[in-house]
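# Structural overview
What follows is each chain in one-letter form.
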Amino acid sequence: MKFNKNLENIENYEAGKPIELIVREFGIKEKDVIKLASNENPMGTSKNVQKTIKKNANKAHLYPDDSMFELKKALAKKYEVDLNNIIIGSGSDQIIEFAVHAKMDENSAILTSGITFSMYEIYAKHLGAKIYKTTSKEHNLEEFKEIYEAHKDEIDIIFLCIPNNPLGECLDKEDVYKFIKEVDADTLVVVDGAYNEFAKFKDVKKGIDVRNLIFEFNNVLYLGTFSKLYGLGGMRVGYGIANENITSNLLKLRAPFNVTTISLEAAKEALKDKKYIEKTLKNNLKEMKRYEKFAKKHNIKIIDSYTNFITFIFKDKNSTEIYDNMLKKGIILRDLKGYGINAIRITIGLPYQNKLVLKELKNTLQIIDKMQ
Ligand SMILES: *Cc1c(COP(=O)(O)O)cnc(C)c1O
């Protein structure tokens, strides 16, 4: 059977391994598996949100409110924007898909950083579009500008991942503004803020002011998600915020009821849970230091991280070997070999998890040293 030929160039997105797989493969008890592979919130689902989910269990037979009025209202209040500036998706992944499909075709191109979130590229490939990447792995706006100037006719979307997954670095807000000012009004700039709350908590210079951004620039789409800080990865809720001209066009691609009734309720409740959010942010920043110290001691290269993960870059050891070794011990991390870098990404966990991860990592590094 023949399929769309663009599909031949697409590799499946490799998600972090699920806990169930480790239980099956290595016979480790579910409660003993540590998963720090997908930047989920290590505090677990907030208790308040759990209550809301249970309370709404009797609404599962009803289609959700397709206007998503309540959640939009809550987001509009949080960001001080209008309801019409917001589009809600099944994860912000879906908003990326809408943006690419709304703006591009096989003759256009996207521009991204050398190593960044792979869904930008995957969606562009759906359309047979071209991918321009900077040679710099981390975001380098000078190089973005050069490539953009050289291929302006083709480039329809520029993706800025601020801060960047999977490397963790983060551009300064001011530099982002300066850069966008020089982009043509017809080029869409997607500012992916999946970890923006973490960045802002660490350094205010990195925090994007969403309202300001979208009112100043008519060609910017900001993306946010409930999957990371808000601890709702399994609920699949994300959103885009932009000028109404953008959101109304993206909305044309949205299937009705693309977010579940219970997910909408959970997300609305999650926004209110200030204690959970603060605890998450504090734990993250504090526990990050444990990893930084370890890296320094063991001569592992790191990039200053503004996210809820840290990326260890290895010189003389194979990241895949390290990853496999950790997996056998029931610790799921993320090998970045597939991204073209010899590195492991570790989501910052709870203190006991981080201690265990670093203890096992130390052992693993020693074992590999002995074999070499
Ligand atoms: C996790 C993530 C997303 C989206 O996650 P969803 O679960 O689809 O909301 C988007 N961008 C980046 C950079 C991410 O890391």
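Reading the values: the criteria
- Residues numbered from 1 in each chain as written.
- Predicted model: local features only at pLDDT ≥ 70, side-chain atom pairs only at ≥ 80, totals over all residues.
- Heavy atoms only, no water.
- Near = heavy atom within 4 Å.
- Polar contact = N/O pair within 3.5 Å; in protein donor to acceptor, adjacent residues only side chain to side chain.
- Areas by Shrake-Rupley, 256 points an atom, 1.4 Å probe, with all protein chains shown as cover.
- Nonpolar A, V, L, I, M, F, W, Y, C, P; charged D, E, K, R; others polar.
- Patch = residues over 30% accessible without salt bridge, like charges linked within 9 Å, V, L, I, M, F, W, Y side chains within 5 Å.
- Salt bridge = Lys/Arg side-chain N within 4 Å of Asp/Glu carboxyl O.
- Lys, Arg positive; Asp, Glu negative; His and termini not counted.
- Charge placed at Lys NZ, Arg CZ, Asp CG, Glu CD.
- Helix = DSSP H or I, 4+ residues; strand = E, 2+ residues; numbered from the N terminus.
- Domains from an automatic or database assignment.
- Contact = heavy atoms within 4.5 Å.
- Buried area = accessible area lost by both parts, 1.4 Å probe.
- Disulfide = S-S within 2.5 Å.
- Buried < 20%, exposed > 50% of the residue type's maximum accessible area, 1.4 Å probe, protein only.
- Axes fitted to C-alpha atoms, helices over the stretch in contact; angles between N-to-C directions.
- Parallel < 35°, antiparallel > 145°, perpendicular 65-115°, else oblique.
- Left-handed = near helix turned anticlockwise from the far one by under 90°.
- Pairing = 2+ DSSP bridges.

What follows deals with the site of the ligand. Around the ligand there are 13 residues in total, and Asp192, Thr225, Ser227, Lys228 and Arg236 lie nearest to it. In this structure, Asp192 approaches the ligand through a side-chain N or O atom, which is 2.6 Å from a nitrogen atom. With the chains in place, 94% of the 380 Å² that the ligand exposes on its own is no longer accessible. Counted by class, the shell around the ligand contains four nonpolar, five polar and four charged residues.

On the surface, Lys73, Lys77, Lys78, Lys200 and Lys274 cluster together to form a positively charged patch. Sorting elements by how many residues they give to the positive patch places helix 3 (residues 69-79) first, with three residues. Turning to its location among the elements, Lys77 is positioned in helix 3.

What follows covers the domain arrangement of the protein. The domain architecture assigned to the protein consists of domain 1 (5-45 + 275-371) and domain 2 (47-273). Between the C-alpha centres of domain 1 and domain 2 the distance comes to 25 Å. On the side of domain 2, 40 residues touch domain 1, which itself brings 32 residues to the contact. Taken together, both faces of the contact between domain 1 and domain 2 bury some 3100 Å²; the carbon and sulfur share is 67%. Here domain 1 is connected to domain 2 by one salt bridge. Across the pair Asp304 and Lys202 runs a salt bridge, and its minimum N-O distance is 3.1 Å. Linking domain 1 to domain 2 there are 15 residue pairs in polar contact (both at pLDDT 80 or more). Residue assignment for the side of domain 1 that touches domain 2 shows that the elements contributing at least two residues are helix 12 (274-297) and strand 10 (309-313). Broken down by element, the side of domain 1 that touches domain 2 gets its largest block of residues, nine residues, from helix 12.

It is worth spelling out the state of the cysteines at this point. Inspection of the entire model under this criterion finds zero disulfides. Cysteine Cys161 is unpaired, with the sulfur of Cys170 as its nearest cysteine sulfur at 9.2 Å. Given the relative accessible area of 2%, Cys161 is considered buried. Cys170 gets classed as buried once you look at its relative accessible area, which sits at 9%.

Let's shift gears to the packing of helix 13 (residues 319-328) against helix 14 (residues 351-371). It is the contact of helix 13 with helix 14, at a shortest axis distance of 10 Å, that shows an interaxial angle of 125 degrees. The pairing of helix 13 with helix 14 is recorded here as oblique in orientation. Handedness of the crossing formed by helix 13 with helix 14: right-handed. Between helix 13 and helix 14, the contacting residues are Glu321, Ile322, Asn325 and Met326 on the first element and Val357, Glu360, Leu361, Thr364, Leu365, Ile368 and Met371 on the second.

Bringing the sheet that holds strand 12 (residues 334-335) into the picture now. With antiparallel pairing, four strands are arranged side by side in an open sheet as 9-10-13-12. Each edge of the open sheet carries a strand with a single partner, namely strand 9 (301-302) and strand 12. By the bridge criterion, five bridges tie strand 10 to strand 13 (residues 343-347) in an arrangement that is antiparallel. Paired with Ile310 across the bridge in strand 13 is Ile346. Against the sheet, helix 12 contacts strand 9, strand 10 and strand 13, and its axis sits at roughly 10 degrees relative to strand 10.

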